[in-house]
Amino acid sequence: MEQVGFLIIGGGIAGLSAAVRLAAVDTVLVVTKEELAESNTAYAQGGIAVAMGGLDDVAEHLQDTVDAGDGLVNREAAALLVEQGSKRVEELLRWGTDFDRAPASSGGELLRTREGAHSRSRILHANGDATGREIAVSLLRHARATDGITLMEFTTSVDLITEEIDGIKTVVGAVLLDREGKLRNVYARAVLIASGGAGQVYSDTTNPAVATGDGIAMAYRAGAALSDMEFYQFHPTAFAFEGAPRFLLSEALRGEGAWLVNAKGECFMHRYHPMLELAPRDVVARAITRELLAGPVYLDMRHVSIDLKARFPGISKFLAGYNLELGRDLIPVRPAAHYLMGGIQTDVNGQTTLPGLFAAGEAACTGVHGANRLASNSLLEGLVFGALAAEAMMQRPEIAAQGTAAEAKPEPTVALNLEAVEDWIAEVRAIMWEDAGLLRDAEGLRRAQTRLDALIRGIPRGSSRRAVEARSLYTIASVLITSAIAREESRGAHYRSDFPRRDAIALHSVMEKGKLSFVEEHAHNE
Ligand SMILES: Cc1cc2nc3c(=O)[nH]c(=O)nc-3n(C[C@H](O)[C@H](O)[C@H](O)COP(=O)(O)OP(=O)(O)OC[C@H]3O[C@@H](n4cnc5c(N)ncnc54)[C@H](O)[C@@H]3O)c2cc1C
């Protein structure tokens, strides 16, 4: 039996934040689907929101988080996020994360920027617009230097292993597909899912290829509850150039003064929200979608006087590949799927509804973001809730798996027609974009459900990575659609054109073993 102390699925900010703590008490195995540095974390541009300016600042950060979340934020989780954020970021600084600072001659203070729905500048950034890469690299360096952590890349977690312990279904490990294509059952006293989001479920996304929601789908198959899966945040400004990837054009551009202009060259945000370009993301994304009906929408920084190449080196380099320049040209933008507010339902300590199974980061749903995440709160979420999950996981007994599941499972790998699998996946993604995207109604959502149901017969089987991902995307899509049909209101990122109003009572959706229910905000996670 292959046994480790703790098994962590995912090596982004949440997984590594947990790993470096857990290693103090037992062995830790971290698996990642691609190379270690490939994760949503590594792509984060704008920064990490953190209140480091004393109590007032913490209270304001909390209020901004709650306001952006449109009535659905779990206050306990949000309070922990903003209160514990600063000590976690100080830890990052000690581990060598090099956030941008003012020149030493002017005091060397950490620089802070502002993004949508923040009432003040509190977002730290690194290398201008490469914050995630800097954090990922420094966390990895720290994890590599920590005894007891094994990092295993190019390894896909396929399924969770459960056993009855004292009559209770308990997660005791996972089936892994290693880089040699071998299936291995690995047992652990606790498993943490930190496998990130599922942006790949939409044809237009800012997320990298690894973001297929595997961990969420796997937890659901094992019987864990998912929550708020209908809330997918669409980033307002992905690059919209024929044939180009949906590269993110960070909200920090608007934080530094960028305007949004329509096909006539007119600013339009005053028609949608008093915070103009810095309104909450869902508002800006819908405003752009409406303006796009009349022609292209652009980011305009021609009036901004700072050195844009120095402030946004990564974005500037990317745009140069298309012969575009921030301060010189209008940059075409449109929304793209970006961040999943829902996920595996957990309490604030990462405990899911299944003993032995924990989740943190974008794969988890503590309710901290409510219906709409405040910009730059997700890196902080990974840090804070990864650490809290680690503390709870340490309390698990050292048991315990009997290994009875060892001879069960692995599905034989079926020879796959790769082209057919890619076509099948592309169809799922197109359905989601066309009928379950930013603007929804019953007719479109039901059409999406019917189209998705029709795909079930061709669902890719076998244990190859792509087959695993195809099944994950199908699960995510079907739970998202079911939840979106049932939520007959508009709230945050979930906008129903047939139910444009917000209900008086805020309810979380919970999907468990094929059944959907709604619970009141305060009853969530109890
Ligand atoms: C372009 C872009 C810009 C962003 N900018 C910001 C920003 O400025 N500020 C901010 O706060 N947030 C930002 N975000 C969001 C933020 O980056 C993510 O929400 C956050 O990094 C998620 O961290 P995580 O640890 O939960 O997951 P991730 O960082 O996504 O890590 C997931 C890990 O799980 C692994 N994995 C997945 N499936 C499997 C499997 N089946 N088996 C094994 N391993 C698996 C992956 O290989 C990876 O290691 C941005 C996101 C994107 C895409």
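Notes on the structure follow. Small disclaimer: the values here were computed from a predicted structure and weren't measured.

## Let's talk about helix H4 (residues 75-94)
The first and last C-alpha atoms of H4 sit 29 Å apart over 20 residues, in line with the 28 Å expected at 1.5 Å per residue. Here H4 starts with a cap whose side-chain oxygen sits 3.0 Å from the backbone nitrogen of Glu76, and that cap is Asn74. Phi turns positive one or two residues past the end of H4, at Gly96, with a value near 105°.

## Observations regarding the site of the ligand
In the vicinity of the ligand, 38 residues are found, and the nearest of them are Thr41, Gly47, Asp214, Glu362 and Ser378. Between an oxygen atom of the ligand and a main-chain N or O atom of Asn40, the distance comes to 3.1 Å. Between the ligand and Thr41 there is a distance of 2.5 Å, counted from an oxygen atom to a side-chain nitrogen or oxygen. In isolation the ligand offers 1000 Å² of accessible surface; the protein chains occlude 98% of this area. Contributions of two or more residues to the shell around the ligand are made by helix H1 (13-22), helix H2 (40-43), strand E7 (156-165), strand E14 (331-340) and helix H11 (378-393). Per element, the largest residue contribution to the shell around the ligand is three residues, and it comes from H2.

## Brief notes about the sheet that holds strand E4 (residues 112-113)
The sheet built from three strands is open, its strands ordered E3-E5-E4 with antiparallel pairing. Taken across any chain shown, the strands that pair with only one partner, and hence form the sheet edges, are strand E3 (48-49) and E4. Here E3 pairs with strand E5 (residues 123-124) via two bridges, running antiparallel. In the sheet register, Ala49 faces E5, and the bridge partner there is Ile123.

## As for the environment of Pro397
As for its placement among the helices and strands, Pro397 is situated in the loop between H11 and helix H12 (418-435). The spacing of Pro397 and Gly356 is 41 residues in sequence and 9.6 Å in space, taken between C-alpha atoms.

## Topic: the side chain of Ser376
Take Ser376: it is sitting in the loop between strand E17 (364-365) and H11. One polar contact links Ser376 to Glu115, side chain to side chain, over a distance of 3.2 Å. Excluding its chain neighbours within four sequence positions, the residues that come into contact with Ser376 are Gly46, Gly47, Ile48, Ala49, Glu115 and Ile123.

## Things to note about the pattern of salt bridges
Tallied over the entire structure, the rule returns 39 salt bridges. In this structure, Arg88 engages Glu91 in a salt bridge whose closest nitrogen and oxygen atoms are separated by 3.1 Å. Taken as a pair, Arg88 and Glu91 lie in helix H4 at a separation of three residues, close to a single helical turn. Take Arg88 and Glu91: they sit in the same class, and that class is buried. With a closest N to O distance of 2.5 Å, Glu230 and Arg487 form a salt bridge. Remark: Arg487 occurs in the loop between helix H14 (465-486) and strand E18 (507-512) and Glu230 occurs in the loop between strand E10 (226-227) and strand E11 (232-239); sequence separation between them is 257 residues. According to the relative accessible area criterion, Arg487 is buried, its value standing at 3%. What emerges from the salt-bridge pattern is a single network uniting Lys33, Glu34, Asp214, Glu422, Arg465, Arg466 and Glu469.

## Observations concerning the sheet that holds E18
Two pairing modes exist for strands in a sheet, parallel and antiparallel, and in both the strands are linked by backbone hydrogen bonds. Overall, mixed pairing links the five strands, which are arranged E17-E15-E10-E18-E19 in an open sheet. Edge positions in the sheet fall to E17 and strand E19 (515-520), since each of these pairs with one other strand and no more. Across six bridges, E18 lies against E19 in antiparallel orientation. The partner of Met511 across the bridge, within E19, is Leu516. Across the sheet, helix H6 (residues 214-222) is in contact with E10, strand E15 (343-345) and E18; its angle to E15 comes to roughly 40°. Contacts from H14 reach E10, E18 and E19, with the element oriented near 55° to E19.

What counts and what doesn't
- Residues numbered from 1 in each chain as written.
- Predicted model: local features only at pLDDT ≥ 70, side-chain atom pairs only at ≥ 80, totals over all residues.
- Heavy atoms only, no water.
- Helix = DSSP H or I, 4+ residues; strand = E, 2+ residues; numbered from the N terminus.
- Expected span 1.5 Å × (residues − 1).
- Polar contact = N/O pair within 3.5 Å; in protein donor to acceptor, adjacent residues only side chain to side chain.
- Near = heavy atom within 4 Å.
- Areas by Shrake-Rupley, 256 points an atom, 1.4 Å probe, with all protein chains shown as cover.
- Pairing = 2+ DSSP bridges.
- Contact = heavy atoms within 4.5 Å.
- Salt bridge = Lys/Arg side-chain N within 4 Å of Asp/Glu carboxyl O.
- Buried < 20%, exposed > 50% of the residue type's maximum accessible area, 1.4 Å probe, protein only.
- Axes fitted to C-alpha atoms, helices over the stretch in contact; angles between N-to-C directions.

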